[in-house]
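Okay, here's what each chain looks like letter by letter:
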Amino acid sequence: MSKSFELAREIYGAVGVDVEAALARLQKSVLSLHAWQGDDVKGFEDTIGALTGGCQVTGNYPGCARNSEELRKDLDFAMTLIPCRNLKVCLQGHEIDSMKPGQDRDSWTVENFAGWMDWAVANHIGMEIAPAFYSHPKLDHGLSLSHESEDIRKFWIRHAQACRRVSAEFARRTGVTAVCNEWAPDGYKDSPADRRAPRERLQASLDEIFSEKFAETEVLDAVESKLFGIGVESYTVGSHDFYLSYAARNNKLICLDTGHFHPTENIADKISAITAQGGRILLHVSRGVRWDSDHVILLDDPLMDLARECVRNGNGKNIFYTLDYFDASINRVAAWVIGARNWFKATLIALLEPSKTMCEAEACGDFTLRMAEKEAVKSLPWGAVWNEWLERNGMPSDAEVIVPIREYEKAVLLNR
Ligand code: RNT
Ligand code: ZN
């Protein structure tokens, strides 16, 4: 235990914060690591086309995983540098191990994910799979689940159903509930003539996908909205209003991707608005920068605000967390490690916040004291607590974490 930690514990104690209790809560946090940072969202089908659906991965840093085995190796390594005992891994529906000749996404079974299953069971890792409604010729004119053609809709419905079945099997075998998130890129570049019909079709497709029932201990369904994508600037079928209503009516999780809103919209503010009414949330923790919704998360104000709201409103059952970003211009393992560490750091800062005085000040209308308190909190020594946390988990410090990453890059990534 370092001197700086002991001192920090005292300082926090003086403002009524129990540091050990905060660390005990941090220990219980669960996070789903998004596999797709490791393969630039390419997936491992026999034919790999361009990334479509309004997303783009830019950069050509060496070492992109070329198959599921390489991806697992990278994840294994990344996980040794992320201080969390409850990490899960989330896959996109095309990050398969293998496929039979001629097989397509609508007939996936657990066999297509056999290597992931063995790995998950052997390492006690919870696994999640999100259908991939993009990078495929059946995303036609930018539409999948809301397409005019029944054939096309049915194809994608079968893909989603297959992913839910595989998710359930993963949950049974690992004992960890699988969150299954539906995000479809459907929309138009230019102003539509009919805004309603695609939404009615999307709703019917979702109803059909969810008609197969699973215990919530196995599959927890989520639906993800988006504001716009590249080439889908004027209209998104699955908008926030659409999915918020759908989730509320059908008792599903609403997935809030933090990169999927207007730049000045405060995502942290949405947490209590939804949870206060009994709603449940899947967070796709990401960072929007201009047109891109998926930059690596930094320890910035929006992230800290978000973590604070999650700590205040979460009860362990109503908010779930998955990282969602992809950057191919930097070391991909570093992207996982730095982003995940930032999320836990933001969570720790929130857990260490002495909120009593500021809440009391607010309750009696003393907004001057509230402001003074909020600003004073910013210079509390959370960094010493974070370093202690890393040490207790046997992890290198933030300054040192680059060393093993560079070694792995040299030994493994640069040889691909
Ligand atoms: C896209 C959505 C979605 C994707 C993944 C790869 O904007 O955020 O969650 O990131 O499907
Ligand atoms: Zn997302």
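Residues numbered from 1 in each chain as written. Chains lettered and ligands numbered in written order. Predicted model: local features only at pLDDT ≥ 70, side-chain atom pairs only at ≥ 80, totals over all residues. Heavy atoms only, no water.

A. How the structure looks around the site of ligand 1. Around ligand 1 lies a shell of 13 residues, among which E224, K226, D257, H260 and D324 are the nearest. The side chain of Q92 places a nitrogen or oxygen atom 3.0 Å from an oxygen atom of ligand 1. Here H260 contributes a side-chain N or O atom positioned 2.8 Å from an oxygen atom of ligand 1. For ligand 1, whose free accessible area comes to 310 Å², the fraction covered by protein is 98%. Classifying every residue of the shell around ligand 1 by side-chain character gives six nonpolar, three polar and four charged. (Near = heavy atom within 4 Å. Polar contact = N/O pair within 3.5 Å; in protein donor to acceptor, adjacent residues only side chain to side chain. Areas by Shrake-Rupley, 256 points an atom, 1.4 Å probe, with all protein chains shown as cover. Nonpolar A, V, L, I, M, F, W, Y, C, P; charged D, E, K, R; others polar.)

B. Region of the structure containing the coordination of the zinc ion (ligand 2). The coordination sphere of the zinc ion (ligand 2), as far as protein atoms go, consists of E224 (OE), D257 (OD), H284 (ND1) and D324 (OD), spread over 2.1 Å. For the zinc ion (ligand 2), the six donor atoms in the first shell make angles of 69 to 171° at the metal, a pattern classed as irregular. Read from N- to C-terminus, the donor residues coordinating the zinc ion (ligand 2) fall into the pattern E-x32-D-x26-H-x39-D. Taken together, the residues span a long stretch of sequence, with H284 in strand 9 (residues 281–285) and D324 in the loop between strand 12 (319–323) and helix 10 (332–351) at a distance of 40 residues. Of the two residues examined, H284 and D324, each falls in the buried class. (Donors = N, O, S within 2.8 Å, 3.2 Å for Na, K, Ca; no water. Tetrahedral: all angles 85-135°; square planar, octahedral: opposite > 155°, others 65-115°. Helix = DSSP H or I, 4+ residues; strand = E, 2+ residues; numbered from the N terminus. Buried < 20%, exposed > 50% of the residue type's maximum accessible area, 1.4 Å probe, protein only.)

C. Up close: helix 8 (residues 268–275). Along helix 8, the residues classified as buried are A268, K270, I271, I274 and T275. Each buried residue of helix 8 lies within a common arc of 150° when the element is viewed along its axis, so the set occupies one face. On its buried face, helix 8 sits against helix 7 (240–250), strand 8 (253–257), strand 9, helix 9 (301–313) and strand 12. (Arc of directions from axis to C-beta. Contact = heavy atoms within 4.5 Å.)

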